[in-house]
Amino acid sequence: IDQRAVTITADPKSKTYGDADPALTYQITSGSLVGSDAFTGALTRVAGENAGSYAIQQGTLALNGNYNLNYVGANLTISKRPVTITADPQSKTYGEADPALTYEITSGTVVDGDEFSGSLARDAGEDVGSYEITQGSVTLGSNYDLTYVGADLVIGKRAIEVAADAKGKVYGDSDPELTYQITSGTLVGEDVFSGSLTREAGEDVGAYAIQQGSLTLGGNYEL
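The following refers to the structure shown. Keep in mind that what you see is a predicted model, and the values were worked out from it rather than measured. (Residues numbered from 1 in each chain as written. Predicted model: local features only at pLDDT ≥ 70, side-chain atom pairs only at ≥ 80, totals over all residues. Heavy atoms only, no water.)

1. Re the environment of Arg122
Looking at where Arg122 falls in the secondary structure, it is placed in strand β11 (residues 121-122). Owing to a relative accessible area of 16%, Arg122 belongs among the buried residues under this scheme. Those residues in contact with Arg122, other than ones at most four positions away along the chain, are Lys92, Asp98, Leu101, Tyr131, Glu132, Ile133, Thr134, Leu153 and Ile155. Engagement of the side chain of Arg122 in a polar contact is seen with the side chain of Asp98, the distance being 2.5 Å. (Helix = DSSP H or I, 4+ residues; strand = E, 2+ residues; numbered from the N terminus. Buried < 20%, exposed > 50% of the residue type's maximum accessible area, 1.4 Å probe, protein only. Contact = heavy atoms within 4.5 Å. Polar contact = N/O pair within 3.5 Å; in protein donor to acceptor, adjacent residues only side chain to side chain.)

2. Describing the environment of Gly95
Summarising the element assignment, Gly95 is placed in the loop between β9 (90-93) and β10 (103-107). Classification of Gly95 as partly exposed rests on a relative accessible area of 41%. Separated by 64 residues in sequence, Gly95 and Gly31 have C-alpha atoms that sit 80 Å apart. Once residues within four sequence positions are removed from consideration, Gly95 is found in contact with Arg158 and Val188.

3. Digging into the packing of aromatic side chains
The final tally for this structure, using the stated rule, is five aromatic pairs. Each ring, one from Tyr17 and one from Tyr144, has its centre 5.4 Å from the other, and the planes form 75 degrees; the classification is edge-to-face. Within this pair, whereas Tyr17 is found in the loop between β2 (13-16) and β3 (26-30), its partner Tyr144 is found in strand β13 (residues 144-149), the two being separated by 127 residues in sequence. Considering the side-chain rings of Tyr180 and Phe193, the 5.2 Å spacing of their centres and the 65 degrees angle between planes classify their relative orientation as edge-to-face. With Tyr180 in strand β17 (residues 180-184) and Phe193 in the loop between β17 and β18 (198-199), the pair connects residues that are 13 residues apart, well separated along the chain. Judged by relative accessible area, which is 18%, Phe193 ranks as buried. Sitting over the face of the ring of Tyr208, Arg199 holds its NZ or CZ atom 5.2 Å from the ring centroid. (Phe/Tyr/Trp six-rings, centres within 6.5 Å; stacked < 30°, edge-to-face > 60°. Lys NZ or Arg CZ within 6 Å of the ring centre and 35° of its normal.)

4. Some thoughts on the sheet that holds β2
With mixed pairing, four strands are arranged side by side in an open sheet as β2-β7-β5-β4. Across the chains shown, the open sheet's two edge strands, defined by having one partner strand only, are β2 and β4 (44-45). Inspection of the sheet shows β4 paired to strand β5 (residues 52-57) by two bridges, in the antiparallel sense. In the sheet register, Thr44 faces β5, and the bridge partner there is Gln57. (Pairing = 2+ DSSP bridges.)

5. Quick word on the pairing of strand β7 (residues 74-79)
On β7, burial follows the alternation: Ala74, Leu76 and Ile78 on one face are buried, whereas Asn75, Thr77 and Ser79 on the facing-out side are not. In terms of strand pairing, β2 meets β7 through four bridges, oriented parallel. By the bridge assignment, Ser14 is partnered in β7 with Thr77. The pairing of β5 with β7 spans five bridges and is classified as antiparallel. Within the sheet, the bridge partner assigned to Gly52 lies in β7 and is Ile78.

6. Examining the environment of Thr186
For Thr186, the position within the fold is in the loop between β17 and β18. Overall, Thr186 belongs to the partly exposed group, its relative accessible area being 44%. With 28 residues separating them along the chain, Thr186 and Arg158 place their C-alpha atoms 8.5 Å apart. When residues no more than four places from it in sequence are discounted, the contact partners of Thr186 are Arg158, Ile160 and Tyr221. Only 2.9 Å separates the side chain of Thr186 from the side chain of Arg158, close enough to count as a polar contact.

7. Describing the pattern of salt bridges
The full count for this structure, using the stated rule, is 13 salt bridges. Measuring nitrogen to oxygen at the nearest pair gives 2.7 Å for the salt bridge that ties Lys15 to Glu49. You can see Lys15 sitting in strand β2 and its partner Glu49 sitting in the loop between β4 and β5, a full 34 residues away along the chain. Across the salt bridge formed by Glu126 and Arg122, the nearest N and O atoms sit 2.7 Å from each other. Taking the relative accessible area as the measure of exposure, Glu126 reaches 42% and is therefore partly exposed. Several salt bridges share partner residues, and in doing so they unite Lys15, Asp21, Arg45 and Glu49 into one network. (Salt bridge = Lys/Arg side-chain N within 4 Å of Asp/Glu carboxyl O.)

The structure is reproduced here in structure tokens:
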């Protein structure tokens, strides 16, 4: 009496990084079992939890000595874990330091023990305007499929208030220099005023309003 030939083939399996292994199953692809004979043991797989492909092995799966058991393997594929992060919108006033660039996980989860590395970045520029916040060096490593949703850093105008100095002259004299003082806010770095104050026209005795004229600080200030 010869051994009975039976071939089993492992079923291909897959999971996402961080999930538990699925059951390792198989099919009889050639031959058949006799009566109440049954398999013992179980399939195993090559060790590893990182994203990749791992061979499913026969392990301890067996039939009794009446069988010539042939095993055809397959693979367990561990796919990358999808995670989406979204940058938080940020703002600052012209001349101030950047706020911390932060983000939230808006889809997916991180496996216990894993953590982000790196930091967000933003488009360069310090003038008033909107600057895109970019992914920069933020990563979760090769086991994750990381999707990034951006936002903007908005730089707002810097508030400055100036007050004209009251002036006077005698009828027929030349106008005094029209001067002013900063009464609220501060200038950034080497920024300076350009232009000059003016006054309402007239040379007769009376009061004439001193006006802003061409005095300006440019587009980065709310003067």
